[in-house]
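Chain by chain, the residues run as shown.
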Amino acid sequence: MKKEWYSFANRLTLPAGDPGLKCAELDELTKKQYERSILDAIRQEKQETRSNSRFPVSSGRRGVAAAAVCLVLLVPVMVFHEEAHAAVTHIAYSLRDALGLKSDISQYTEIIDTPISDKGYVVTLQEAAAAPQKLVISYTVQREDGQPVPDTFSLDGALSVNGKAIHSGASGSAGFLDPENKILGINMSYDVSDIDLSDENTYEISFSAFNSSTAEDDIGGHWVFRFKADGTELFANTRIMELQNEFVLPDGRVVTLVTFSDNPLEQQLSYTISDTKGNDILLKLTATDEQGRTAVFSVSRSSGSEGCMINETLIKDGRIPADAKTVTATLYARELPKESGKEPDDYAQIGEPVTWDLSALVPYPDRN
């Protein structure tokens, strides 16, 4: 969705009334009020455009106005009926908030802000970003009746890109955004390795199987979102470097750090393991720059013999600083217990630290 649509829509002063009112139900007076508000916003947009000599007035901006009107009038209709709307709180849960980032990443994200209601629950897809080999989203869940969301449930999301189903796996985190546990915030990262996300693509996420812990409370449900996201800017601001650092585990298996990538959304390490043995090892890496500043990377995805680690931004500002010149990387591992309920061993250092020269970072390769 074009960001300027939302900017324009926020200018409109719309008449008060039922948020679920359909366009066909508007009386003539209300239609005139909408028309007057829209025309005023168009005039304001044209006036501001003329005042900026770098951007000449074009008829394309008027198309933005028409699109904004459709957005304002139609989005509430497809989601809410009157009694449900009153109990649902509108809250902005951006990817910046969801990922705990300090810097503004709005220029790299698509604002979706679309709620869909089913089986008494409202799922709102808030924001999305197309990044190298992944799609990242943030969304919220609320109950229509305003009661707390059960803390034991599962919400499964199936992703397709340009009509092609993606089965590469996903990871994420969730937490309540209010003390009453009425608004649940979730961020998810979907692995998309076989489709180029550096341009505009069409995405569909189908959420289903909204369950609590008992069969008696199983409510079913289905929430489907379709949207476009463009990864051009984020790809242009992504840098990557080859590593090929090998570390030998105590049992003889080899962990190879393959690449390190850096963009405003996250910093990521890709790795391979020579023999997975059922994914029984957890990895962690610390990266300390020449000024003593340390970033911590932990596993975000592990599939077969491949995986990736990302910086722990949610716990602390865990990025390798932009002005760092070199980092010393130390790998740690711990074995997962074979018996359920047993605590895992502490992390132990694997091999010797290695040094990365960050001047080796280069622009992410263009796949077109």
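Only a predicted model underlies this, so the values are computations on that prediction, with no experimental measurement involved.

Cut-offs used in this document
- Residues numbered from 1 in each chain as written.
- Predicted model: local features only at pLDDT ≥ 70, side-chain atom pairs only at ≥ 80, totals over all residues.
- Heavy atoms only, no water.
- Core = buried A, V, L, I, M, F, W, Y, C linked by side-chain atoms within 4.5 Å.
- Buried < 20%, exposed > 50% of the residue type's maximum accessible area, 1.4 Å probe, protein only.
- Helix = DSSP H or I, 4+ residues; strand = E, 2+ residues; numbered from the N terminus.
- Contact = heavy atoms within 4.5 Å.
- Polar contact = N/O pair within 3.5 Å; in protein donor to acceptor, adjacent residues only side chain to side chain.
- Pairing = 2+ DSSP bridges.
- Phe/Tyr/Trp six-rings, centres within 6.5 Å; stacked < 30°, edge-to-face > 60°.

Colleague: For the nonpolar core, give the residues involved together with the corresponding values.
Modeller: Counting residues in each nonpolar core, the largest one holds 33 residues, and the members touching the most others are I137, Y139, V141, L159, Y203, F207 and F227. Examining the composition of this core, we find that five residues originate from one element, strand β2 (residues 121-131), more than from any other. When sequence neighbours within four positions are dropped, the list of residues in contact with I137 reads L95, L125, E127, A128, I186, N187, M188, Y190, I205 and F207. M241, L269, I273 and L285 belong to the second largest nonpolar core, which has 27 residues in total.

Colleague: Help me get a handle on the side chain of R253, residues and values and all.
Modeller: Residue position: R253 is located in the loop between β10 (239-248) and β11 (254-262). With relative accessibility at 4%, the residue R253 sits in the buried group. A polar contact of 2.8 Å, which involves the side chain of R253, links it to the side chain of D251.

Colleague: Explain the pairing of strand β7 (residues 184-191) to me, and be specific about the residues and the numbers.
Modeller: Every other side chain in a regular strand lies on the same face of the sheet, so the side chains alternate between the two faces. Counted residue by residue, β7 has eight buried out of eight residues, so it is predominantly covered. By the bridge criterion, eight bridges tie strand β3 (residues 134-143) to β7 in an arrangement that is antiparallel. Directly across from K134, in β7, lies its bridge partner D191. Bridge analysis of strand β6 (residues 170-176) against β7 gives seven bridges, and the strand direction is antiparallel. Looking at β7, one finds that F176 is bridged to L184.

Colleague: Give me the packing of aromatic side chains: which residues, what numbers.
Modeller: Both the distance between ring centres and the angle between the ring planes are used here to describe each pair of aromatic rings. As enumerated under the stated definition, the model contains six aromatic pairs in all. Judged by centre distance (4.7 Å) and plane angle (45 degrees), the rings of Y139 and F207 are tilted. Here Y139, found in strand β3, pairs with F207, found in strand β8 (residues 200-212); they are 68 residues apart in sequence, far enough to count as distant. Take Y139 and F207: they sit in the same class, and that class is buried. Judged by centre distance (6.3 Å) and plane angle (80 degrees), the rings of F260 and F297 are edge-to-face. Of this pair, F260 sits in strand β11 while F297 sits in strand β14 (residues 294-303), and the two are 37 residues apart along the sequence.

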